[in-house]
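# A structural walkthrough
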Amino acid sequence: MANTRQTEQMTSGKGFVAALDQSGGSTPKALKLYGVEEDAYGSDAEMFDLIHQMRSRIIKSPVFSGDQVIGAILFEQTMDRDVDGIPTAQYLWEKCSVVPFLKVDKGLADEADGVRLMKPMPGLDEVLDRAVAKGIFGTKMRSVIDAASASGIAAIVAQQFEVASRILAKGLIPIIEPEITISISDKVQAEEILRTELHAHLDALPENQQVILKLTLPETANAYESLVDHPRVMRVVALSGGYSRDEANARLSENRGVIASFSRALTEGLSAGQSDEAFNETLGKTITSIHTASVAG
């Protein structure tokens, strides 16, 4: 069951959630941005070793702590690995005071009706049981909205809450992530439809249950304010969604009660070739800027 201190931190902590959950499909790009080219590894195993080294370097940095980073989302392989001989989730909480989450979706289905639903998740219950045993606080699952399709967005939200009910039943807190693609022409309309659908499903949740919402930064400041204030919502976090860190921070600071959950924007400027001093300095500046934007609203 959810740890009381972790619940308090995720409910009211002054900081943001680090997204360290690049999966197999997005890992090569993440490594390339980190200065590791594809010819540096010859197999998936070697690739995942390298991305774990990157994640471990971030987690072990003295600037990565619960003072500014209140939570971190892990890839399943990261959860199953250690940092300095300590299971990653345990290290995050005991050494960094950072609440650990686990990405549980298996990627996206092909686009249909303007959206990309989540692929089936065989073995989800087993993964959730392992997550509980390893001290994971909650989970994250992502689907994508590519158009302001009322029926497509309804299907996205229904699927998210259906899986969320299984996650809640295990005593974990689900992060529901229906990402809206930032480049679509009808983004404002998609945001309006999404807000309505989320309210309908949140209103149907039992009073003793809460979820976290991870949403694309909206076109209109405070467009999701009613979701921030909903009693079934523990927190609203925002993804960077392809915006540069500076633009993501600027948009985030305009939205009351919303905090960051950035991935690419968090690792922007980091390189495998940096000295530890340069790495920590760059990461520290990044964390401070994202923290400042997260508490500005």
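Read on for an overview of the structure. None of these values were measured; they are calculated from a predicted model.

Another point: the overall build of the protein. Each helix and strand counted, the protein has 12 helices and 11 strands in total. For the protein, the C-alpha radius of gyration of 18 Å lies close to 19 Å, the compact-globule estimate for 297 residues. Taken over the C-alpha atoms alone, the protein extends approximately 50 × 40 × 35 Å along its principal axes. Relative to its 297 residues, the protein shows a buried fraction of 53%. With the model as given, the accessible surface of the protein reaches about 12100 Å², and the carbon-plus-sulfur share is 48%. Computed over 29 positive and 41 negative side-chain charges, the inter-centroid distance for the protein is 3 Å.

Attention now goes to helix 3 (residues 44-60). End to end, helix 3 covers 24 Å across 17 residues, agreeing with the expected 24 Å (1.5 Å per residue, within 8%). Considered for burial, the residues of helix 3 that qualify are Met47, Phe48, Ile51, His52, Met54, Arg55, Ser56, Arg57, Ile58 and Ile59.

As a further point, take unusual backbone geometry. Of note in the backbone geometry, Asp113 takes a positive phi value of approximately 55° without being a glycine. By the secondary structure assignment, Asp113 is in the loop between strand 5 (99-103) and strand 6 (115-116). Taking relative accessible area as the criterion, Asp113 reaches 45% and is therefore assigned partly exposed. Positive phi values are uncommon outside glycine, yet Asn222 reaches one of about 65°. In this structure, Asn222 sits in the loop between strand 9 (211-216) and helix 9 (225-228).

It is worth spelling out the nonpolar core at this point. Counting residues in each nonpolar core, the largest one holds 80 residues, and the members touching the most others are Phe64, Leu194 and Leu213. Element by element, the count of residues in this core is highest for helix 7 (residues 150-169), at 8 residues. Not counting residues up to four positions away in its chain, the partners in contact with Phe64 are Ala18, Leu20, Ile58, Ile59, Val69, Ala72, Leu92, Cys96, Val98 and Ile287. Among the nonpolar cores identified, the runner-up in size contains 14 residues, and Ile70, Phe101, Ile173 and Ile212 belong to it.

With that out of the way, let us pick up the pattern of salt bridges. Under the defined criterion, the tally for this structure stands at 22 salt bridges. Note that Arg116 and Asp146 form a salt bridge whose closest N and O atoms lie 2.9 Å from each other. Linking Arg116 in strand 6 with Asp146 in the loop between strand 7 (138-145) and helix 7, this pair joins segments that are 30 residues apart in sequence. According to the relative accessible area criterion, Asp146 is partly exposed, its value standing at 22%.

A separate point is helix 1 (residues 4-12). Of the positions making up helix 1, those classed as buried are Gln6, Gln9 and Met10. All buried residues of helix 1 lie within an arc of 90° about the axis, which places them on one face of the element. More than 90 degrees from the buried face of helix 1, the exposed residues found are Thr4 and Arg5. Check the buried side of helix 1 and you find it contacts strand 1 (16-20), strand 2 (69-74), helix 5 (88-96), strand 5, strand 9 and strand 10 (233-239).

It is worth spelling out the packing of helix 6 (residues 124-133) against helix 7 at this point. To describe two helices that pack against each other, one gives the angle between their axes and the distance between the axes. It is at 10 Å that the axes of helix 6 and helix 7 come closest, and there the two elements cross at 40°. The angle between the axes of helix 6 and helix 7 places the two elements in the oblique class. Between helix 6 and helix 7 lies a crossing of right-handed hand. In this structure, helix 6 uses Leu124, Asp125 and Leu128 to contact helix 7, whose residues at the interface are Val163, Arg166 and Ile167. In the contact of helix 6 with helix 7, the residues fall into 4 nonpolar, no polar and 2 charged.

Right, let's get into the pairing of strand 9. Burial within strand 9 is extensive, with 6 of its 6 residues counted as buried. With burial as the criterion, each face of strand 9 is covered, one bearing Val211, Leu213 and Leu215 and the other bearing Ile212, Lys214 and Thr216. Pairing between strand 8 (residues 173-180) and strand 9: 2 bridges, direction parallel. The partner of Ile176 across the bridge, within strand 9, is Leu213. Assessed by its sense of winding, the connection that carries the chain from strand 8 through helix 8 (residues 187-203) to strand 9 is right-handed. The sheet contact formed by strand 9 and strand 10 spans 6 bridges and is parallel. From the neighbouring strand, Val211 faces strand 10, where its bridge partner is Val233.

Cut-offs and rules
- Residues numbered from 1 in each chain as written.
- Predicted model: local features only at pLDDT ≥ 70, side-chain atom pairs only at ≥ 80, totals over all residues.
- Heavy atoms only, no water.
- Helix = DSSP H or I, 4+ residues; strand = E, 2+ residues; numbered from the N terminus.
- Rg over C-alpha atoms; globule rule 2.2 N^0.38 Å.
- Buried < 20%, exposed > 50% of the residue type's maximum accessible area, 1.4 Å probe, protein only.
- Areas by Shrake-Rupley, 256 points an atom, 1.4 Å probe, with all protein chains shown as cover.
- Lys, Arg positive; Asp, Glu negative; His and termini not counted.
- Charge placed at Lys NZ, Arg CZ, Asp CG, Glu CD.
- Expected span 1.5 Å × (residues − 1).
- Core = buried A, V, L, I, M, F, W, Y, C linked by side-chain atoms within 4.5 Å.
- Contact = heavy atoms within 4.5 Å.
- Salt bridge = Lys/Arg side-chain N within 4 Å of Asp/Glu carboxyl O.
- Arc of directions from axis to C-beta.
- Axes fitted to C-alpha atoms, helices over the stretch in contact; angles between N-to-C directions.
- Parallel < 35°, antiparallel > 145°, perpendicular 65-115°, else oblique.
- Left-handed = near helix turned anticlockwise from the far one by under 90°.
- Nonpolar A, V, L, I, M, F, W, Y, C, P; charged D, E, K, R; others polar.
- Pairing = 2+ DSSP bridges.
- Right-handed = clockwise from strand over helix to strand, strands pointing away.

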